[in-house]
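Listed here are the chains, written in short residue letters.
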Amino acid sequence: MKIGAAIIAGGKSTRFEGQNKALISVLGETIINRNIQTLQTLFEEIHIVSNKASDFLYTRIPVFADFFKEIGPLGGIYTALMYSNCEAVFIFSCDMPFLSAELIKKIMLDFTKKDSQILIPQILNKIEPLYAIYSTTILQTLKNHIINTEEYKIRLFFPKVHTSYLALENSKENRKAFLNINAANDIKSIEDFM
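Now for a quick tour of the structure. All values derive from a computational prediction rather than experimental measurement.

## Here we look at the environment of phenylalanine 56
With respect to the secondary-structure elements, phenylalanine 56 resides in the loop between β4 (46-49) and β5 (63-64). C-alpha of phenylalanine 56 to C-alpha of isoleucine 32: the two residues are 24 residues apart in sequence and 8.8 Å apart in space. Beyond its immediate stretch of four places on either side in the chain, phenylalanine 56 contacts Ala9, Asn20, Ala22, Leu23, Ile32, Ile48, Ser50 and Val63.

As structure tokens, this is what we get:
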């Protein structure tokens, strides 16, 4: 099975005063550059979903604007799947500076073994929908869901397709992989993982 990767970078970054979180520097390197370096060791197809394509021209990675505007990550997931040439896509948020190649491999392996359309990692009772694999077979169902709802929480879509969960150890390394930067003071929390 061919699996691609997509970086969801379409948020408004209101808690960062509109600054693109993917371009924030963490430990001397932008989050997007850190992510691309990790992804290039794992995937042949990588693209970015963003309504600010000019921010990412220097990466030379294809950038696609949201097909459905102003509906949050669900629209980004749809766009990522719509433009993929793969059977499934590892989709994650641009504000995660510590992607783990080993963890991504584990998620991909589990996805290929299960008869799932979505595989979401889980630590204790916390799931991470934006560090997950989505099959392109959900596209039409997802489109119908988006068109016929006014509630765009990702979790509300999961029961409509075959969604599985991958229970992970509550380890420091796994928690570090899921760390995301939502506000400026979150950068300080990075010290807890170093």
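## Quick word on the pattern of salt bridges
Note on pairing: side chains with opposite charge can pair once their charged atoms come close. Evaluated as defined, the whole model comprises four salt bridges. Put simply, aspartate 95 and lysine 21 hold a salt bridge, and the shortest N to O gap is 2.9 Å. You can see aspartate 95 sitting in the loop between β6 (88-93) and α3 (101-113) and its partner lysine 21 sitting in the loop between β1 (3-8) and β2 (25-26), a full 74 residues away along the chain. Lysine 21 gets classed as buried once you look at its relative accessible area, which sits at 13%. Here aspartate 110 and lysine 114 are joined by a salt bridge, their closest N and O atoms 2.9 Å apart.

## Things to note about unusual backbone geometry
Residues other than glycine seldom take positive phi values, yet glutamate 70 does so here, at roughly 60°. By the secondary structure assignment, glutamate 70 is in the loop between β5 and α2 (73-82). Residue glutamate 70 is classed as exposed on the basis of its relative accessible area of 64%. Despite not being glycine, leucine 124 shows a phi value in the positive range, around 55°. Note that leucine 124 resides in the loop between β7 (118-123) and β8 (126-127).

## So, the nonpolar core
By size, the foremost hydrophobic cluster in this structure holds 32 residues, and its most contacted members are Ile7, Leu39, Phe43, Phe90, Tyr131 and Ile133. Among the elements that make up this core, the one with the highest residue count is α3 (five residues). Listed in part, the 25 residues of the second largest apolar core include Val49, Ile71, Ala80 and Ile138.

Procedures and definitions
Residues numbered from 1 in each chain as written. Predicted model: local features only at pLDDT ≥ 70, side-chain atom pairs only at ≥ 80, totals over all residues. Heavy atoms only, no water. Helix = DSSP H or I, 4+ residues; strand = E, 2+ residues; numbered from the N terminus. Contact = heavy atoms within 4.5 Å. Salt bridge = Lys/Arg side-chain N within 4 Å of Asp/Glu carboxyl O. Buried < 20%, exposed > 50% of the residue type's maximum accessible area, 1.4 Å probe, protein only. Core = buried A, V, L, I, M, F, W, Y, C linked by side-chain atoms within 4.5 Å.

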